[in-house]
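Structural overview
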Amino acid sequence: MKEKILEILEKICEDDIIYSDPDIELFENGIMDSLNFAELLVEIEENLGIFIAPSEVTREDLATPNKIIDIVQSRAEQ
Amino acid sequence: MGVRKLLIFLSTVVYLFWIFWGNWTGAVWFIAFCIIEFFAAFGYLYLRKKYGHKVSWYRAALVLTILPLVLCKFSGPFSVSLFGFLGISYITFRAAQIIIEIYDGVIKELKPVELFAFLLFFPTFESGPIDRSRRFSEDWNKRYTKKEYLDSVGTGIEKILLGLVYKFVLAALLYPALGALEKEYGLLYLVLYAYCYGIYLFFDFAGFSSIAIGIGYLLGIRVPENFNKPFISIDMKDFWNRWHMSLSYWFRDFLFSRFVMTCIKKKWFSSRITVAATAYLVNMSIMGIWHGVKADYILYGVYHGLLLAGTEIFQKKSKLYKKYHKKRGYKICSWFITMNLVMFGFLIFSGHFLEVIEPYYAKNWRI
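Before going into details, it helps to say that this report is about the structure given with it. The residue numbering used here restarts from 1 in each chain and proceeds along that chain's sequence as written. Chain A is the first chain written and ligand 1 is the first ligand written, with later ones labelled in order. Reporting of local features is limited, given that this is a predicted model, to residues whose pLDDT is at least 70; pairs of side-chain atoms are given and counted only at 80 or more, and all residues count toward the totals for whole chains, interfaces and linings. The side-chain quantities take in all heavy atoms of the structure and omit both hydrogens and water.

Under the scheme used here, helices are H or I runs from DSSP no shorter than 4 residues and strands are E runs no shorter than 2 residues, and both carry numbers assigned from the N terminus. Secondary structure assignment for chain A yields four helices and zero strands. For this measure, only C-alpha atoms enter the radius of gyration; the expected value for a globule follows 2.2 Å times N^0.38, where N is the number of residues. Computed over its C-alpha atoms, the radius of gyration of chain A comes to 11 Å, within 12% of the 12 Å expected for a compact globule of 78 residues. In terms of overall dimensions, chain A has a C-alpha envelope of 30 × 25 × 20 Å along the principal axes. When burial is assessed residue by residue, chain A has 50% of its 78 residues classed as buried. Throughout, the Shrake-Rupley method with a 1.4 Å probe supplies accessible areas, and for residues the shown protein chains are the sole cover considered. Entry remark: accessible area of chain A is about 3700 Å², with carbon and sulfur atoms responsible for 41%. Whether a residue is buried, partly exposed or exposed follows from its accessible area with a 1.4 Å probe, protein chains only, as a fraction of its type maximum: under 20%, in between, or over 50%, in that order.

Below, the structure written as structure tokens:
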């Protein structure tokens, strides 16, 4: 699942820095914006079957690739 | 119920009596509004638990929740004031957020007293900031240690004092200048008016917000901020992360994001950029109308929608942007352009822009 998430992220952000630096701040560095955020949620729902609402998590919770993986994995376990 | 909860509840009740005493029409509309909102919230929660994710119930509940506001705004031009009480615009956001998060499955229970306190919390009743129910709930239920609470009170007092200076000193000093500049229609005067109005609006609104947030902190409710140095914004996207943040973020989370997600799922547009541009335009136009059904506000919304759409297209397509955007020189130029665009937006918002150009279009279109 971790692989799939990173694949989705790379496709959306069009930047393979998410592989090389999985703790990079995505929003602060302009790698991800509001549009990408929405795209990410759609991809996670359609590809992994996990629904996360836009207001459910804060930008803080999804700030880095690792944080995103954590959140999605913990949802998968629920 | 803890002492703090009691204090919040009682102070809100006292506030409501104070603002509606003598205004019996307003009071009746307000009570009708409260009944509708509570009914929609608890009613939909029940239906959601019983029937699950049914979209039709969700839409019905959401429509009911925003109906009073829509009636209020659209009856204005007809000199009939339905649900006309100050604060309806802001409370509706909080109520709608609850319906949407019940649908999402994020909110699974509602408590009447807590809901009352959240929706009608007296410091933010009239003009926000727009809090979120789950965040409010955390603070409502929080057991403060003595030190934590004293810290909160200290922060609250600081914010109130800052707000008082902003609103009753700085904004108050600018106000007479506006009155004087308004009379002249020359280009220089318009530029000065735009800047003056923008700065005035900031100190007035940021001041008011700071007081409201400060009072919240006195009660242990860490109300979200509305402003974060908006006049250092480098571009329009940055601006909306700094100006009236609680409104901007509400629209982002509950309108923009969802519109984009629907566009993508239903494949309404072929390109990402079209999705983004359309979403920004729709989002900001609605934000404009929310301020009021007046040409000035609608134009303001559409203007910012076009600016954001334009910014998106520029940032994604321009070679100039890709090459230089991290450079200091670029940032300074971008800041300067953004400032002027923002101030022009405020000229529109103030009503002065349409006032000044009225003779020109009236002549051509025989209005």
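Every contact between the two is made by 21 residues of chain B and, on the other side, 20 residues of chain A. Computed with a 1.4 Å rolling probe, the buried area is the accessible surface lost when two parts are put together, summed over both parts. Carbon and sulfur atoms supply 57% of the area buried between chain B and chain A, which totals about 1700 Å² over both sides. On the chain B side of the contact with chain A, Met 261, Lys 265 and Arg 272 of chain B bury the most area, a combined 35% of that side's loss. We define a salt bridge as a contact between a side-chain nitrogen of Lys or Arg and a carboxyl oxygen of Asp or Glu at a distance within 4 Å. The interface formed by chain B and chain A holds five salt bridges in total. Any two residues whose heavy atoms approach within 4.5 Å at even a single point are treated as in contact.

A separate point is the nonpolar core. Put simply, a nonpolar core is a bunch of buried Ala, Val, Leu, Ile, Met, Phe, Trp, Tyr and Cys residues held in one set by side-chain atoms that sit within 4.5 Å of each other. Counting residues in each nonpolar core, the largest one holds 123 residues, and the members touching the most others are Ile 68 of chain A together with Leu 120, Phe 125, Trp 240, Trp 243 and Phe 346 of chain B. It is helix 8 (residues 187-218) of chain B that contributes the most residues to this core, twelve residues altogether. Those residues in contact with Leu 120 of chain B that lie beyond four places of it in its chain are Thr 12, Leu 16, Phe 30, Cys 34, Ile 91 and Phe 125 of chain B.

This part takes up the side chain of Asp 131 of chain B. Residues and elements named next belong to chain B. Its location among the elements puts Asp 131 in the loop between helix 5 (112-120) and helix 6 (133-141). The exposure class assigned to Asp 131 is buried, which follows from its relative accessible area of 5%. As used in this structure description, the phrase polar contact means that two N or O atoms lie within 3.5 Å; if the pair is within protein, one of them must be able to donate a hydrogen and the other to accept it, and residues adjacent in sequence are counted only when both atoms belong to side chains. A polar contact of 2.7 Å, which involves the side chain of Asp 131, links it to the side chain of Arg 135. With sequence-adjacent residues up to four places away left out, Asp 131 is seen in contact with Arg 94, Gln 97, Phe 118, Phe 136, Ile 221, Val 223 and Pro 224.

For the rest of this paragraph, the subject is the pattern of salt bridges. What the rule picks out here adds up to 25 salt bridges over all chains. Among the salt bridges present, the one from Lys 4 of chain A reaches Glu 7 of chain A, with a minimum N-O distance of 3.7 Å. Taken together, the residues span about one helical turn, with Lys 4 of chain A and Glu 7 of chain A both in helix 1 (residues 2-13) at a distance of three residues. The exposure class assigned to Lys 4 of chain A is partly exposed, which follows from its relative accessible area of 31%. For the salt bridge of Glu 148 of chain B with Lys 142 of chain B, the shortest nitrogen-to-oxygen distance reads 3.7 Å. Residue classification places Glu 148 of chain B among the partly exposed residues on the basis of a relative accessible area of 34%. Residue class for Lys 142 of chain B comes out partly exposed when judged on its relative accessible area of 26%. Residues joined in a network through salt bridges with shared partners are Asp 33 of chain A together with Lys 237, Glu 312 and Lys 316 of chain B.

As a further point, take the environment of Phe 259 of chain B. Considering the arrangement of structural elements, one finds Phe 259 of chain B in helix 10 (residues 245-266). Spatially, the C-alpha atom of Phe 259 of chain B lies 8.7 Å from that of Asn 283 of chain B, the residues being 24 residues apart in sequence.

Moving on, we get to helix 4 (residues 88-104) of chain B. How far a helix is expected to stretch is found by multiplying one less than its residue total by 1.5 Å. Between its terminal C-alpha atoms helix 4 of chain B stretches 24 Å, which fits the 24 Å expected from 17 residues at 1.5 Å a residue. For helix 4 of chain B, a buried count of 17 out of 17 residues is recorded, marking the element as mostly surrounded by other parts of the structure.

Attention shifts here to unusual backbone geometry. Residue and element names in this part refer to chain B. Residue Pro 129 follows Gly 128 across a cis peptide bond; omega there is 5 degrees. In this fold, Pro 129 is placed in the loop between helix 5 and helix 6. For Lys 229, which is not a glycine, the phi torsion comes out positive at approximately 45 degrees. Among the secondary structure elements, Lys 229 is positioned in the loop between helix 8 and helix 9 (236-240). Lys 229 gets classed as exposed once you look at its relative accessible area, which sits at 55%. Despite not being glycine, Lys 267 has its phi angle at roughly 50 degrees, a positive value.

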